[in-house]
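Chains, contacts and geometry: an overview
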Amino acid sequence: MTITNDIKYIGVNDHDVDLFEGQYDVPLGMAYNSYVILDDKIAVFDTVDIHFGEEWLSNLEAALNGKTPDYLIVQHMEPDHSANIKTFVDKYPQAEIVGNAKTFQMMDQFFSFEGETNRKEVKNGETLSLGKHELTFVFAPMVHWPEVMVTYDSTDKVLFSADAFGKFGANDVEDPEGWACEARRYYFGIVGKFGPQAQKLLKAAADLDIQIICPLHGPVLSENLEYYLNIYNTWSSYEPEDEGVLIAYTSVYGNTKKAVEILAQKLEEKGCPKVAVCDLARDDWAENVEDAFRYSKMVLATTTYNADIFPFMREFLDHLKERSYKNRTIGLIENGTWAPTAAKTMMKILEEFKGLTFIDTTVTIRSAVSEENIAALDQMADELCAK
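No experiment lies behind these values; they were computed from the predicted model shown.

**Here we look at the overall build of the protein chain**
Assigned secondary structure in the protein chain consists of 12 helices and 21 strands. Residues classed as buried in the protein chain amount to 56% of the 387 residues present. Summed over its atoms, the accessible surface of the protein chain is roughly 16700 Å², and 46% of this surface lies on carbon and sulfur atoms. Between the centroid of the 35 positive side chains of the protein chain and the centroid of its 63 negative side chains there is a distance of 6 Å.

**Focus on the sheet that holds strand 10 (residues 119–121)**
What the six strands build is an open sheet, ordered 1-6-7-8-9-10; its pairing is mixed. For this open sheet the edge positions go to strand 1 (7–9) and strand 10, each flanked by a neighbour on one side alone. Within the sheet, the average angular offset between the axes of one strand and its neighbour, ignoring direction, is 20°. Bridging between strand 8 (residues 71–73) and strand 9 (residues 96–99) involves three bridges; their strand directions are parallel. Paired with leucine 72 across the two strands is isoleucine 97, which belongs to strand 9. Sheet strands in contact with helix 1 (residues 53–64) are strand 1, strand 6 (35–37) and strand 7 (43–45), and its direction is about 20° off that of strand 6. Each of strand 9 and strand 10 touches helix 4 (residues 101–110); the most contacted strand, strand 9, lies at about 120° to it.

**A few points about the packing of helix 5 (residues 178–191) against helix 9 (residues 285–294)**
Angle between the axes and distance between the axes: these two values describe a pair of packed helices. Following both chains from N to C, one finds helix 5 and helix 9 inclined at 95°, their axes separated by 9 Å at the closest point. The orientation of helix 5 relative to helix 9 falls into the category roughly perpendicular. Taken together, the residues of helix 9 that come into contact with helix 5 (itself represented by Cys181, Arg184, Arg185 and Phe188) are Ala286, Glu287, Val289, Glu290, Phe293 and Arg294. Split by residue class, the contact of helix 5 with helix 9 holds five nonpolar, no polar and five charged.

**Details of the packing of aromatic side chains**
Across all of its chains, the model carries 28 aromatic pairs by this definition. Centroid distance tyrosine 24 to phenylalanine 168: 5.6 Å. Interplanar angle 35°. Geometry classified as tilted. In this pair, tyrosine 24 sits in strand 4 (residues 24–25) while phenylalanine 168 sits in the loop between strand 14 (158–160) and helix 5, placing the two residues 144 residues apart along the sequence. Relative accessible area serves as the criterion here: at 1%, tyrosine 24 is assigned to the buried category. Among the residues examined, phenylalanine 168 registers a relative accessible area of 0% and is labelled buried.

**Some thoughts on the sheet that holds strand 11 (residues 127–129)**
Hydrogen bonds along the backbone pair up the strands of a sheet, which may run parallel or antiparallel. Here we have five strands laid out as an open sheet, ordered 11-12-13-14-15, and mixed in their pairing. Looking at which strands have only one partner, the edges of the open sheet turn out to be strand 11 and strand 15 (212–214). Strand after strand, the sheet turns through a mean of 20° between neighbouring axes, direction not considered. Inspection of the sheet shows strand 13 (residues 149–153) paired to strand 14 by three bridges, in the antiparallel sense. Looking at the pairing, tyrosine 152 lines up with leucine 159 of strand 14.

Conventions we followed
- Residues numbered from 1 in each chain as written.
- Predicted model: local features only at pLDDT ≥ 70, side-chain atom pairs only at ≥ 80, totals over all residues.
- Heavy atoms only, no water.
- Helix = DSSP H or I, 4+ residues; strand = E, 2+ residues; numbered from the N terminus.
- Buried < 20%, exposed > 50% of the residue type's maximum accessible area, 1.4 Å probe, protein only.
- Areas by Shrake-Rupley, 256 points an atom, 1.4 Å probe, with all protein chains shown as cover.
- Lys, Arg positive; Asp, Glu negative; His and termini not counted.
- Charge placed at Lys NZ, Arg CZ, Asp CG, Glu CD.
- Pairing = 2+ DSSP bridges.
- Axes fitted to C-alpha atoms, helices over the stretch in contact; angles between N-to-C directions.
- Contact = heavy atoms within 4.5 Å.
- Parallel < 35°, antiparallel > 145°, perpendicular 65-115°, else oblique.
- Nonpolar A, V, L, I, M, F, W, Y, C, P; charged D, E, K, R; others polar.
- Phe/Tyr/Trp six-rings, centres within 6.5 Å; stacked < 30°, edge-to-face > 60°.

So yeah, pure geometry; function would need other evidence.
What follows is the structure in structure tokens.
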């Protein structure tokens, strides 16, 4: 794929992967992106997953059209992007590997090279001229590994953004939900813990004239870039993307689920702009986390279980805490036949979060939903719609 006259896409699509990073469901597959700039000097940006080395080299050779590369720029050492560095070095031993000090430290942990390798260590803000193209390296530590850097080409105004602005899904499959859904799930699953670092990168990018974004996963972005930059700013600042309520629940015998269904109906009747419901035991955990960050309010509904809370609820709260969930309004529903303590347990966990506001009403169900519970759910809906 041609991106500009001098920049070519040489990445690959993975339709065999079932779990990305061993935990994220990817029904639409995955893309491992790589790029090459053809100039007086030729620069390749990152490699691909180990299973696609031959395909990637074939794509590279086709783009080179008989020429040889001068540089391999390594922006991120995670193996889905770095696994074929040694393959590249073996084929093009004269090329220089460009990276920072942390890049090379990690590289020597992953690979054992035969003999010396040509290396060019760069500093933050340093530039590299390819001839017509002038590259500037911008360090982006912890977005989402400590060695990460992005590269700006001032000639074609292209930002090679590493894992920033990435999404789940192969590039040769049309995503029926568009870009944002799988990009949001990718961001909060993988990068979400590092919002301050992503904010720092966005501030650095604000000084650049960016016309194209080339991420290491997902499509090349060349239109409506203000939308992508703004939504990334919203995500990384932990602000809600949409007004609405996520109801996240677990239910053993269906009684807590019934309460959730009643609350969802009441919220819709009272004009809540969006009501999303997720079953923490059955729905994709990363999508549940995504929705928690997407909406401005959340209701947690679970049973008391072994004098604690149901395991899927605890796991969900652990995921949110790990990713610095904050700046939301929270309501609680608990169920217990003889000693309902789930709300107290959840509250103790949530007290460790920052920037949460709790509504006044907590609904306590004793076994089955009662008329009193229905009235309390109506009051809870009023509070959620009023705030």
